[in-house]
Amino acid sequence: MEERLQKILAKAGIASRRRAEELIREGRIKLNGLVVHEMGCRADPARDIITCDGTPINLERKIYLLLNKPKGYVTTLSDPQGRPIVSDLVADISLRLFPVGRLDLDTEGALLMTNDGELGNAILHPSFEVNKTYEAMVTGSPTQERLRLLEQGIAIDGVRTSPAKIKVLQRRKDRTLVEIIIHEGKKRQVRKMFQAIDHRVLHLKRTAYGDLRIGELPVGKYRILTPFDLKKIFSGKIPFTIKNIPA
Ligand code: URA
């Protein structure tokens, strides 16, 4: 299908549409071997060879990034209620990225975004058991016995959760900071698990996917992931079915 060259370049993540126009003006874009001079030029990426500085553009380029999602952002690509969406925070990347899994509106922290459906599905697929680490500030002071219930698996919405790993990070007078590691992704799972032991989650943050930690990444910012980072998500147990992680 033919599209304007600027749009094709933007989709391929080469540049924004405005910057793509500059690239054309600078004579850096060739279509089937000839420098493009005309701004309205159209092409079909399935048929035509488009190059930027001599390098063929690749519409299939896969990109992976880790966003530190702020509270108040919806993990969808559009929101009928007009609330801020996570895509707004990665709008300078022209490729269509989707979030891997979801975080509640009031949860912050690590959110992977990619245009690689295969990798996204693998991370979410229960068989790969990718750990997700959360820090939950909960009301009161949960006893070791109650926390053990979460470690063993507890019924939420009539289904038993898989065993969780739990570590108390800090006990304060009226609240406790708990690290919880789970590999499932049921809706509002962490909140419901604590609710099941009579403690309310006051604040929730995802700090890691597997061994890939959010670290010092500022809230609302993202970083592009390397193949090394992607391997960390699977904590060294990379599913051989995933083609897109270079060795
Ligand atoms: N568990 C929750 O309760 N909320 C999230 O956003 C993620 C995990």
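In this report, the structure presented in the accompanying data block is examined. What you see is a predicted model; the values in this text were computed from it and never measured.

For the rest of this paragraph, the subject is the pattern of salt bridges. Considering all chains together, one arrives at 19 salt bridges under this definition. Across the pair R28 and E26 runs a salt bridge, and its minimum N-O distance is 3.0 Å. Look at E26 and you get partly exposed, because its relative accessible area is 43%. One salt bridge connects R188 with D106, and the closest N-O pair in it is separated by 3.9 Å. In this pair, R188 is assigned in the loop between strand 14 (175-182) and helix 5 (189-196) and D106 in the loop between strand 8 (98-99) and strand 9 (107-114), connecting sequence segments 82 residues apart. Judged by relative accessible area, which is 33%, D106 ranks as partly exposed. Each of R19, E22, E26, R28 and D53 takes part in one network of salt bridges that share partners.

To continue, consider the site of the ligand. The environment of the ligand is made up of L103, D104, T107, Y134, R188, Q189, V190, R191 and L204. Take T107: an N or O atom from its side chain is 2.9 Å from an oxygen atom of the ligand. Residue Q189 places a main-chain N or O atom 3.4 Å away from an oxygen atom belonging to the ligand. Look at the ligand: alone it shows 240 Å² of surface, and the protein chains cover 95% of it. The element best represented in the shell around the ligand is helix 5, accounting for three residues. Here the residues of the shell around the ligand are counted per class, giving four nonpolar, two polar and three charged. Each of domain 2 (64-127 + 211-242) and domain 3 (131-209) accounts for three or more of the residues forming the shell around the ligand.

Before going further, it helps to examine the pairing of strand 13 (residues 165-171). Strand direction decides the pairing type here: strand 13 and strand 14, joined by six bridges, are antiparallel. Note on strand 14: the bridge partner recorded for K167 is E179. What sits between strand 13 and strand 14 in their antiparallel hairpin is a turn of three residues.

Here we come to the sheet that holds strand 2 (residues 29-31). The strands making up a sheet are joined through hydrogen bonds of the backbone, oriented either antiparallel or parallel. The four strands are arranged 3-2-5-6 in an open sheet whose pairing can be described as antiparallel. Taken across any chain shown, the strands that pair with only one partner, and hence form the sheet edges, are strand 3 (34-35) and strand 6 (55-56). Relative to strand 5 (residues 50-52), strand 2 is paired through three bridges, and the arrangement is antiparallel. Across the sheet, the residue bridging to L31 is I50, located in strand 5.

Rules and cut-offs
Residues numbered from 1 in each chain as written. Predicted model: local features only at pLDDT ≥ 70, side-chain atom pairs only at ≥ 80, totals over all residues. Heavy atoms only, no water. Salt bridge = Lys/Arg side-chain N within 4 Å of Asp/Glu carboxyl O. Buried < 20%, exposed > 50% of the residue type's maximum accessible area, 1.4 Å probe, protein only. Helix = DSSP H or I, 4+ residues; strand = E, 2+ residues; numbered from the N terminus. Near = heavy atom within 4 Å. Polar contact = N/O pair within 3.5 Å; in protein donor to acceptor, adjacent residues only side chain to side chain. Areas by Shrake-Rupley, 256 points an atom, 1.4 Å probe, with all protein chains shown as cover. Nonpolar A, V, L, I, M, F, W, Y, C, P; charged D, E, K, R; others polar. Domains from an automatic or database assignment. Pairing = 2+ DSSP bridges.

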